[in-house]
Every structure is written in C-alpha cells, then in structure tokens.
Amino acid sequence: MIGLTFANLRDRALTTALNVVLLATAVAMLVLMLALSHQLGTRFERDAKGVDLVVGAKGSPLQLVLSSVYNIDQPTGNIPLASVALLRRDPGIARVVPLALGDNFRGYRIVGTEPSYLALRGASLASGRLWQAQGDAVIGAEVARATGAGVGQRFLGSHGLDAEGEAHDAHPFTISGILAPTGGVADRLILTSLETVWDVHGIAHEEDQEPEDRHHDHHDDEDHPHHDGMSPDHDAAAEAAGVPVPEVTALLVSYRNAAAALRVPASINRQSALQSAVPAIEAARLLTLLGSGMAVARAFGWLLAALGGAAIFAAVLNAARARQGELALLRVMGATRPQVFGTILTEGLVIAALAALLGAVLAHGLLALTAARSDTLAEIGLDAWQLSPGEPALLLAVLGIGLVAALVPAIGVYRADLAATLSRAT
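Residues numbered from 1 in each chain as written. Predicted model: local features only at pLDDT ≥ 70, side-chain atom pairs only at ≥ 80, totals over all residues. Heavy atoms only, no water.

K.L.:
Any chance you could explain helix H9 (residues 258-269) here in plain terms?
P.N.:
Because an α-helix packs 3.6 residues into every turn, residues spaced three or four apart end up facing the same way. For H9, every residue scored as buried is listed here: Ala-260, Val-264, Pro-265 and Ile-268. Considered in projection along H9, the buried side chains sweep an arc of 105° and stay on one side of the axis. Of the surrounding elements, those touching the buried residues of H9 are strand S1 (53-57), helix H4 (82-88), strand S3 (93-105), strand S12 (250-255) and strand S13 (274-277). (Buried < 20%, exposed > 50% of the residue type's maximum accessible area, 1.4 Å probe, protein only. Helix = DSSP H or I, 4+ residues; strand = E, 2+ residues; numbered from the N terminus. Arc of directions from axis to C-beta. Contact = heavy atoms within 4.5 Å.)

As structure tokens, this is what we get:
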C-alpha cells in the first residue's frame, strides 16, 4: 500500500509539489519564529546573569545594555575612571567590573577589563594564562575556532567595531591564553587589561595605578576619601598637556543587598555624566518589541498552515473521487476497508511529512545564512541548527494537519458502496 501511495502522488506531481511548498513555507516561518524567540530569550537571560546594573555615559539605556552586556551595539561613550572607585565605596555594591571598548580583531571585539570579568561570565582558561604584560590578550573559544589563533601568536587590533577599521600597527597584541567554551558572550570576545587599551590609544596612565580600586575597604573611607586610582594632579597635568586621561566605557555592577537596587540607580542618574540601566528591564523591553512582530509572523504562519491543510484536503479528496474505480478494484482483489482507508490517510501524512522536513531545513538554513551575513546575529551567537524546545511539537502538529486533511476523503472511501462504485465505473 505504501508503494501505491507514492505512485498516486507521482501521478499528480505538480499538485503534490505545490501543496508541499505551501505547507513548507508555513513550517519555515513558524520554526524561524520559534528559534529566534527561544534563543534570543535564553541568551539575553544567560548573558545578563550576575549583572544587576550597567553604568555608562548618557544616551539610550538599551544601547548601553546591548553594547556592554551583550556586545552587539555601539557604546554610548566613555565615563570618568573615578566612577569605578566611587561605586566600589558603596556598601550596597558587591562587584564593579569596568569595561573599555572600541577596537576589534576580524570583527571580534577587544574588551579591556579585569580578571573579575571571567568570574562574572563563568569563564575559565582552557590553555595559557591571563594577561600580565602590556599587550597580552585572552581570546574566547569562538574567536580561537574562527581565526585559528593559538597561544603565543600576535595580531593587530583595528580601530572601532568595524573589521575594516584602521589597524593599530604600533601596538600588537600577543595571545596569552584561550578560554574554555562557555556558550555565552565571552566565547566571542578578546579580553585584555584596561592599561593595554589605554596604551593602544595613546592614553597616559600611571604604571602602578589601580583604576579599579581593587583593595579598597569600605571601612577606610575616612582615611582615603578621594582615592580613585589616579591623582587629581596627574589628571590636570595630562589634560593641560592635551593628552587624554584614562576613561572606561561602562561598569557592570552587582548588588550586595536589595536596598541598593532602589538607591543606587537613582543616585547615578542624578549625575550629569552618568546613566544607569537595568539589563533585565531593557532586555524585556526589547523582547516585547520583537515579540509583537513575531506574534504577527506566527499568526500568519498558522494561517498558511491552515491553507496548506485545506489544499491537502482538496487534493486528496479530488484524487480519491477520481480513483473510486481503482480503489473499488483493490477491494475486489482482496484489500480490506482499513487498508484502503490507510492508503488515503498515508497520502496526507506523506505530503505533511515532506513539508515539515523541507520547512525545518529551510528555516534553519535561512537562519544560518542570515547569521553569516549579519554582524548583529553573529555577535549574539545564535546557533542556526539548534532545535528549539517547541519545534518537535510543531512538526508533529503539521503531521496532524496532513492526517486531518486526508481524514474526510478517507472516510468517504471507507464508507463507499463497492457494488455501486463498480457499476458507475463500468
């Protein structure tokens, strides 16, 4: 009976192909929406883990979060280095991780930071060591895989976040270590010290300074009320000489207690040079905006799926009516009612299965192609071939559409009067 089903489908190959394409288009749209919504939501939640607040220059809060937490947008600007020590003095803050952004290597962002960034991202070394000397850099697992770079190799960073930017020929980097895969944003980053980033851009700084105020004790505020890692005299002298002084791009902040969540953002936003943004709020806002468009696309996808089911119904019904005599002869030759019934159902199932397979492949292939051509999707790190949790259920639903569409024609064949059908055929 399976052979007969495929023979029947080949006899009306054009109609079969059109039905498969129509339903496959619906499947592709729905799978694409599932993949995007699931992976974006998962990655936004995972990459923001441990970051309660982002502090940066005035501008768009969403842009600040995207650039500093997810590394998928341009920074809003730089902020004073003193902001690091200022926040670390706050007893409600547990951790402040400074970031200095602005360069890249082959499209992978170079981030000046501290070793505490690795702990924040749950990253660890797979080989080599952390940065120590000026120019040392640790690369993420994806950077190592894509570039083929290894420990000890040297490379030049390019100015800006565009891979075609001007290279910093006078300040090569040396790879000191490679991170183990994390599945997160750290896989696509090149990490180095703040001092190295400043050196690359010709920014004066003291060799023995501690911009992050690592060893500052909250109980020592009275003894060191103005310690910010850079003396005012040094800043003034550098500015007077026309030499840029150290700044950072953003600060990733973790709270020590819940009270800080109410007090700290308001305090920061009152300052003219700073703004704060909550990653969870900004990510939710972005997903809500994207979700509205995805909801429309999903509704359109299900409408196409319904039309595909109707097309299968019409095709199978017309084919069953046209082959009533053949099906009656099968009954005379020994085929049972359930066997003939199953043959009709199988036609609908085969069309739906082909559409489900083609649609899933099209969706994942389109996602892979788009990710390869889109810097933003590539920086998010979407896995084009990862199955979403709801995808198997979706494909089963499509098979159900095929079965339901073929059910009415199959019931008609099952109930057909054999003698009457043969008399009409003759």
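K.L.:
What exactly am I supposed to notice about the pattern of salt bridges here?
P.N.:
Side chains carrying opposite charge are able to pair once their charged atoms draw close together. Within this structure, the stated rule accounts for 7 salt bridges. Between Arg-188 and Glu-142 there is a salt bridge, and its shortest N-O distance comes to 3.8 Å. Highlighted residues: Arg-188 in the loop between strand S9 (173-179) and strand S10 (189-193) and Glu-142 in helix H6 (residues 141-147), separated in sequence by 46 residues. For Arg-188, a relative accessible area of 18% gives the class buried. The network of salt bridges with shared partners includes Glu-142, Arg-145 and Arg-188. (Salt bridge = Lys/Arg side-chain N within 4 Å of Asp/Glu carboxyl O.)

K.L.:
So what exactly am I meant to see when it comes to the layout of surface pockets here?
P.N.:
Rolled over the atoms, a probe with the dimensions of a water molecule shows which regions are left empty. Considered as a void within the structure, the largest pocket measures approximately 380 Å³ in volume. Glu-142, Arg-188, Ala-378, Gly-381 and Leu-382 are the residues nearest the centre of the largest pocket, which is lined by 23 residues in total. Sorting the residues of the lining of the largest pocket by element identifies helix H2 (13-47), H6, helix H12 (337-373) and helix H13 (375-380) as the ones contributing at least two each. Sorting elements by how many residues they give to the lining of the largest pocket places H13 first, with 4 residues. Looking at the lining of the largest pocket residue by residue, the class counts come to 12 nonpolar, 3 polar and 8 charged. (1 Å grid on protein atoms, 1.4 Å probe; cavity = no way out; pocket = protein on both sides within 12 Å on 5 of 7 lines; lining within 4 Å. Points joined across faces, edges and corners; volume = space filled by probe spheres on them. Nonpolar A, V, L, I, M, F, W, Y, C, P; charged D, E, K, R; others polar.)

K.L.:
Which parts of the structure should I look at to understand unusual backbone geometry?
P.N.:
Comment: phi is negative for the bulk of residues other than glycine, and the bulk of peptide bonds are trans. With a phi close to 55°, Asn-71 is a non-glycine residue in the positive phi region. For Asn-71, the position within the fold is in the loop between helix H3 (61-68) and strand S2 (79-80). We classify Asn-71 as buried; its relative accessible area is 3%. Positive phi is not limited to glycine here, since Arg-106 has a value of about 55°. Mapped onto the elements of the fold, Arg-106 is located in the loop between S3 and strand S4 (108-113).

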